[in-house]
Structure formats: C-alpha cells, structure tokens
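# Coordinate analysis (summary)
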Amino acid sequence: AQSVTQLDSQVPVFEEAPVELRCNYSSSVSVYLFWYVQYPNQGLQLLLKYLSGSTLVKGINGFEAEFNKSQTSFHLRKPSVHISDTAEYFCAVSDRGGGFKTIFGAGTRLFVKA
Amino acid sequence: ETGVTQSPTHLIKTRGQQVTLRCSSQSGHNTVSWYQQALGQGPQFIFQYYREEENGRGNFPPRFSGLQFPNYSSELNVNALELDDSALYLCASSFSGVNTEAFFGQGTRLTVV
C-alpha cells in the first residue's frame, strides 16, 4: 500500500526567506509524485510532478522538488518566498499517474510573514 | 482555471437526506475521479469513472455512488447523509493512460447538520 507523510503541519517563514516542505512516501511499486497547492476555499492546483527522468523537478511559481529514491523523499523547495505563497501544500503519490487513484498527505500550511 | 466545473459550490443538508454533486470535465478528458477532503485533512480518493464505468474505488461505503455520462460529466451521490460526510468534495478530470495529470475543480462544500 502507498502512503505519504508530510513531516510538518505548519511552516512559518519570513518573506524572501528560503523554504523547504518535507514529504516522505512509501510504495512497493513505481511511483509518480506530485505537489499541489490549495488556496483558501479553492480546489487543488498542480505545482509540479515527477513521472520519470531527472530527479530535480521544476514547477510553477519558482518551486522545485527533488526525488530521492533511497530516502523515499520528495521535498519541495523555494529559494525566496512571497506573501502570496501562503497556502496549504499537499504531497501526493500514485502508482500509475495523476489521472489514477492518488494518495495525498495531510498537508503543510505555509505561512509567509512580512 | 482548469476547465473543470463543479456545482453547487456550497450545500447544506440534513442528516439522513440524499445529495447529488455534479462535475463537468475539461474538454477531451474521459476519466473523472472524486475525492473527499475533510477539514484540515488531505483529499481521500472515493472512486474513479472511465467511459461510464467505475474504474477503482477507495475505502468508502456503498452509500457513496456515482455516474459518468456519455459527455464524460459526472455525478457523485451520497445517500443517508451522516454528520461526518461534511467536507469539501473535489472532482478531477484527466485523460486515461499512465503519466497523465489530473485537473481539479473548485469543489463543493457540503455541510450536514
């Protein structure tokens, strides 16, 4: 069975500081990994995805993530955050792609302070 | 804008009632998945429909059922509503096949009182 653990429920950070949101997964099969962002009262927006190939994945809004198979991690990073990055971030895993059953973590609330 | 629209946006029902939520897929997508997101939690997979047939189901009881229509739009039906069914219900559409990406709607906020 697949599972996702987001290691921090909340991450407060000052504007223009770097941030890392941590995600560990477990899976006995090949994995496809995703990070989604959710703004208040909205649906999910895909930030980036790892399907295969390069382990460093670049996404929208300046975010990137690194797939580490040996550590079963997929941490999300941004070198300089903005107030507008304040949102809930979800790490997710699927064994066949985003269009199939996807397991989500519990979420990390990123709060960017001025 | 993902092109996936859900209706209604908000809904209040009484325990024991039945509810139908609707989802219009992005143009060309033939697969629809439904997720339940309780307050403060991540989305949980309810089921998926492909070409009008259920194509995978999560750990939800049979009172959660669905339909997919020839135009690939979809409905989620929940019978005998319970207080714990209060949540944001998300619909996601995609093409079939591996390496695909799902596009999520804005969700329907269901409150059961």
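Structure report, in brief. Everything numeric in this text was worked out from a predicted model, so none of it was measured.

## Digging into the pairing of strand β4 (residues 23–26) of chain A
Residues and elements named next belong to chain A. Of the two faces of β4, the one holding C23 and Y25 is buried and the one holding N24 and S26 is not buried anywhere. Note that strand β1 (residues 3–6) and β4 share four bridges and pair antiparallel. By the bridge assignment for β4, T5 is matched with N24.

## Details of the state of the cysteines
Applying the stated rule across the entire model yields two disulfides over all chains. Here A:C23 connects covalently by a disulfide to A:C91, the sulfurs 2.0 Å from one another. In this structure the cystine formed by A:C23 and A:C91 twists about its S-S bond by roughly -65°; its chirality is therefore left-handed. In this pair, A:C23 sits in strand β4 while A:C91 sits in strand β10 (residues 87–94), placing the two residues 68 residues apart along the sequence. For A:C23, a relative accessible area of 0% puts it in the buried group. A relative accessible area of 0% means that A:C91 is categorised as buried. Each disulfide pairs two cysteine sulfurs, and for B:C23 the partner residue is B:C91, the sulfurs being separated by 1.8 Å.

## A short note on the environment of B:D84
Tracing the backbone shows B:D84 in the loop between β8 (74–78) and β9 (87–94). Residue classification places B:D84 among the exposed positions, given a relative accessible area of 67%.

## Some points on the pairing of strand β8 (residues 64–68) of chain A
Residues and elements named next belong to chain A. Here β8 shows a clear split, with A65 and F67 buried on one side and none of E64, E66 and N68 buried on the other. Here three bridges tie strand β7 (residues 56–58) to β8, and the two strands are oriented antiparallel to one another. Pairing of L56 across the sheet is with E66, part of β8. What sits between the antiparallel neighbours β7 and β8 is a turn of five residues, in which N61 has the positive phi angle 60°. Where β8 meets strand β9 (residues 73–78), five bridges bridge the pair, whose relative direction is antiparallel. Residue E66 lies in a different strand from β9, and its bridge partner there is H75. The loop that links β8 with its antiparallel partner β9 comprises four residues; one of these, T72, has a positive phi angle of about 45°.

## Regarding the interface of chain B and chain A
Taken together, the 22 residues of chain B in the interface contact 20 residues of chain A. Counting the surface lost from both chain B and chain A, the interface buries some 1,700 Å², and carbon and sulfur atoms represent 51% of this. Here B:E101 makes a salt bridge to A:K49, at a shortest N to O gap of 2.8 Å. For the pair chain B and chain A, the interface holds three residue pairs in polar contact (both at pLDDT 80 or more).

The rules behind these values
Residues numbered from 1 in each chain as written. Chains lettered and ligands numbered in written order. Predicted model: local features only at pLDDT ≥ 70, side-chain atom pairs only at ≥ 80, totals over all residues. Heavy atoms only, no water. Buried < 20%, exposed > 50% of the residue type's maximum accessible area, 1.4 Å probe, protein only. Helix = DSSP H or I, 4+ residues; strand = E, 2+ residues; numbered from the N terminus. Pairing = 2+ DSSP bridges. Disulfide = S-S within 2.5 Å. Contact = heavy atoms within 4.5 Å. Buried area = accessible area lost by both parts, 1.4 Å probe. Salt bridge = Lys/Arg side-chain N within 4 Å of Asp/Glu carboxyl O. Polar contact = N/O pair within 3.5 Å; in protein donor to acceptor, adjacent residues only side chain to side chain.

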